[in-house]
Amino acid sequence: MRRISGERATRPCLRVPSARRGDEGLHQRDEASQKMSKQQPTQFINPETPGYVGFANLPNQVHRKSVKKGFEFTLMVVGESGLGKSTLINSLFLTDLYPERVIPGAAEKIERTVQIEASTVEIEERGVKLRLTVVDTPGYGDAINCRDCFKTIISYIDEQFERYLHDESGLNRRHIIDNRVHCCFYFISPFGHGLKPLDVAFMKAIHNKVNIVPVIAKADTLTLKERERLKKRILDEIEEHNIKIYHLPDAESDEDEDFKEQTRLLKASIPFSVVGSNQLIEAKGKKVRGRLYPWGVVEVENPEHNDFLKLRTMLITHMQDLQEVTQDLHYENFRSERLKRGGRKVENEDVNKDQILLEKEAELRRMQEMIARMQAQMQMQMQTGDGDGGALGHHV
Amino acid sequence: MSKGQSGLGKSTLVNTLFKSQVSRKASSWNREEKIPKTVEIKAIGHVIEEGGVKMKLTVIDTPGFGDQINNENCWEPIEKYINEQYEKFLKEEVNIARKKRIPDTRVHCCLYFISPTGHSLRPLDLEFMKHLSKVVNIIPVIAKADTMTLEEKSEFKQRVRKELEVNGIEFYPQKEFDEDLEDKTENDKIRQESMPFAVVGSDKEYQVNGKRVLGRKTPWGIIEVENLNHCEFALLRDFVIRTHLQDLKEVTHNIHYETYRAKRLNDNGGLPPGEGLLGNVLPPVPATPCPTAE
């Protein structure tokens, strides 16, 4: 048996592990392999088709592992108060992230600085777990002088990168928690005529650190024409100021037509204009989530009313891509700059610490010697003077 | 005078109020031009007529207010402008050979547009109103009120009213200037219930139920500007134009102006200005004859 397993070692051991775990499996072949391996541990399965090796099963394994491990995603929402950020997040993920919310009055807001509030929620859908962290930034844009608004936010993002870098360079890398901000929804006010100076300044400050997705809030304020005009205006201004927002990756050529069409539609609708709501309203005989006005009902999930569905689709289909871009682009940029700045490499940090310790000890010894010498001198002086001071003994 | 951040619909509302193009419409300058770096003051004068009554209306717009990153003291240019108008009037008044009808360029009413966030006033709004409620009549208006549902609207209004009260901001009609009981009850009702008015402005007309109305067309319905169930534009219009127009002018003249005058005379040691130190040089303001809306 051992000999055969040695021989078989060249074959990818795909089926054996799956059989061992006894998974129900998503693949017929798994069951077949289970049965067969139970019969004869030495007799390995004949491939169903000649030349079939079996690593086509790999995606399923990855899928199973990922589902078990769960997914993590950190979303940051930035925008002035009152633009409906919390409502939108609640609508997107159908949860209530802010159960006891106290909205401060204007007088209190004058003195408030920007704070960072991160709330984590674990949601599960069909066995897939998502650990979602929403980073909120209350106080942004409230103050009369907003110059320092984004310093707090930028230092938070950098801190998360720093922490990840530190963990990655550490000795025990098994449980690195990824708290890096994968995506930032920037809420643009629909009341203005485009981007405000604060919007531009903020986006320029973080476009190299995080994926920015601009979102037009409270889109039910705008008629369709106004919406088109505003979107175009925002896109022009973004281009003018060279702001790098997150661009959806083009669909691969081997994807099906539907997906390509969907991607095309999504790309054409940026920035998304959304309306959030978790209230159920009765409209046309069925219950929909929406906002009830005297002149009609705005349905959140109606693509003709707003782009909420598109935003949700984008977030979900591209969650993986957002994480990848954060890892491959923003994190790597941060890392290379940080290491360049740091001088010596981070891996040698521990070694250097020992060196520093040794150096410090040597210095301490030197200083002690010096003190001993000085005291001896004083002693001699006193002896020549008084003949006292014999008690000045000390240890080196 | 209309103030508030850009994009709150000030120009559209003023046009709707006077049912004519009295404000330099957004399409001509706002869409293409950049947000101005400092607060500018743009005054445009019109003569409008209704039923044989002519009115000289001057609309003063303040683009650039509250748009910058650092908005400290952005109310100073506005305060300066208002005081300059008072100064001008004062100088004319103390002139030895003065005109029979002094050209009145003073600001009678300031419509302050509050952004409909649904939460509360912004710190900038508070600061501005604190500084300016003492020199001019401020009427707070909630702009673009079609953003809020009915409950949100009433909640927001209550919160705004409370905040204004807590911070001691006296908006027009000020409680202290109610002359008799009748005025008081009427104004109390307006103050307690309707103000600040939540308005929607529009200069486009649509067909609703067979009539042509001013409104905004959205995929989920048409918002009628003059329908009291939809917004309070009609209330604002009646308040400012049909009932309280004269009162606005009187309060400006009798109270705000007199306060300014007293302060100036005191500063000048009891002497009328002109005989003493006069620092400011008045900017060339387009001369507007006194409005005659009797």
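Below, the structure is looked at part by part. (Residues numbered from 1 in each chain as written. Chains lettered and ligands numbered in written order. Predicted model: local features only at pLDDT ≥ 70, side-chain atom pairs only at ≥ 80, totals over all residues. Heavy atoms only, no water.)

**Overview of helix α7 (residues 233-243) of chain B**
The set of residues buried in α7(B) consists of F233(B), A234(B), L236(B), R237(B), F239(B) and V240(B). Buried-residue contacts for α7(B) involve α1 (10-17), β4 (110-114), β5 (138-142), α6 (181-194), β6 (197-198) and α8 (245-267) of chain B. (Buried < 20%, exposed > 50% of the residue type's maximum accessible area, 1.4 Å probe, protein only. Helix = DSSP H or I, 4+ residues; strand = E, 2+ residues; numbered from the N terminus. Contact = heavy atoms within 4.5 Å.)

**So, the nonpolar core**
F185(A) and I139(B) are the most contacted members of the largest nonpolar core, which has 143 residues in total. If you tally residues by element for this core, the top one is helix α7 (residues 149-168) of chain A, at 9 residues. (Core = buried A, V, L, I, M, F, W, Y, C linked by side-chain atoms within 4.5 Å.)

**Looking at the packing of aromatic side chains**
All names here are of chain A. Following the criterion strictly, the structure yields 12 aromatic pairs over all chains and no others. Aromatic side chains Y140 and Y186 sit 6.1 Å apart centroid to centroid with 90 degrees between the ring planes, which places their arrangement in the edge-to-face category. Taken together, the residues Y140 in the loop between β3 (128-136) and α7 and Y186 in strand β4 (residues 183-188) connect sequence positions 46 residues apart. Comparing Y140 with Y186 shows no difference in burial state: the two are buried. Within the aromatic cluster, the residues linked to one another by ring pairs are F161, Y164, Y331 and F334. (Phe/Tyr/Trp six-rings, centres within 6.5 Å; stacked < 30°, edge-to-face > 60°.)

**Quick word on the interface of chain B and chain A**
Listed by partner, the interface residues are 48 residues for chain B and 46 residues for chain A. Here chain B meets chain A over a buried area of about 4000 Å², counting both sides, of which 57% is carbon and sulfur. At the boundary of chain B and chain A, one finds 2 salt bridges. Notably, a salt bridge pairs R291(A) with E152(B), separated by 2.7 Å at the nearest N-O pair. Mapped onto the side of chain B that touches chain A, the elements with two or more residues apiece are α4 (123-132), α5 (150-166), β8 (211-218) and β9 (221-224) of chain B. (Buried area = accessible area lost by both parts, 1.4 Å probe. Salt bridge = Lys/Arg side-chain N within 4 Å of Asp/Glu carboxyl O.)

**Here's the deal with the sheet that holds strand β7 (residues 205-208) of chain B**
Residue and element names in this part refer to chain B. Taken together, the 3 strands give an open sheet; going across it, the order is β7-β8-β9, and neighbouring strands pair in antiparallel fashion. Here the strands that pair on one side only, and so sit at the sheet edges, are β7 and β9. Averaged over all pairs of adjacent strands, the angle between their axes in this sheet comes to 65 degrees, without regard to strand direction. Sheet topology places β7 next to β8; 4 bridges connect them, and they run antiparallel. Note that in β8 the partner of Q207 across the bridge is R212. (Pairing = 2+ DSSP bridges. Axes fitted to C-alpha atoms, helices over the stretch in contact; angles between N-to-C directions.)

**Examining the pattern of salt bridges**
Evaluated as defined, the whole model comprises 27 salt bridges over all chains. A salt bridge links R131(A) to E72(A); the nearest nitrogen and oxygen atoms lie 2.8 Å apart. One end of the pair, R131(A), is in strand β3; the other, E72(A), is in strand β1 (residues 71-78), with 59 residues separating them in the sequence. Note on R131(A): relative accessible area 24%, which makes it partly exposed. What makes E72(A) partly exposed here is its relative accessible area of 25%. Across the pair E301(A) and R312(A) runs a salt bridge whose closest N-O atoms are separated by 3.9 Å. Here the residue E301(A) occupies a position in the loop between β9 (296-299) and α11 (308-317), and R312(A) occupies one in helix α11, the gap between them amounting to 11 residues. By relative accessible area, R312(A) is classed as partly exposed at 22%. Taken together, the shared-partner salt bridges in this structure form one network comprising D220(A), R291(A) and E152(B).

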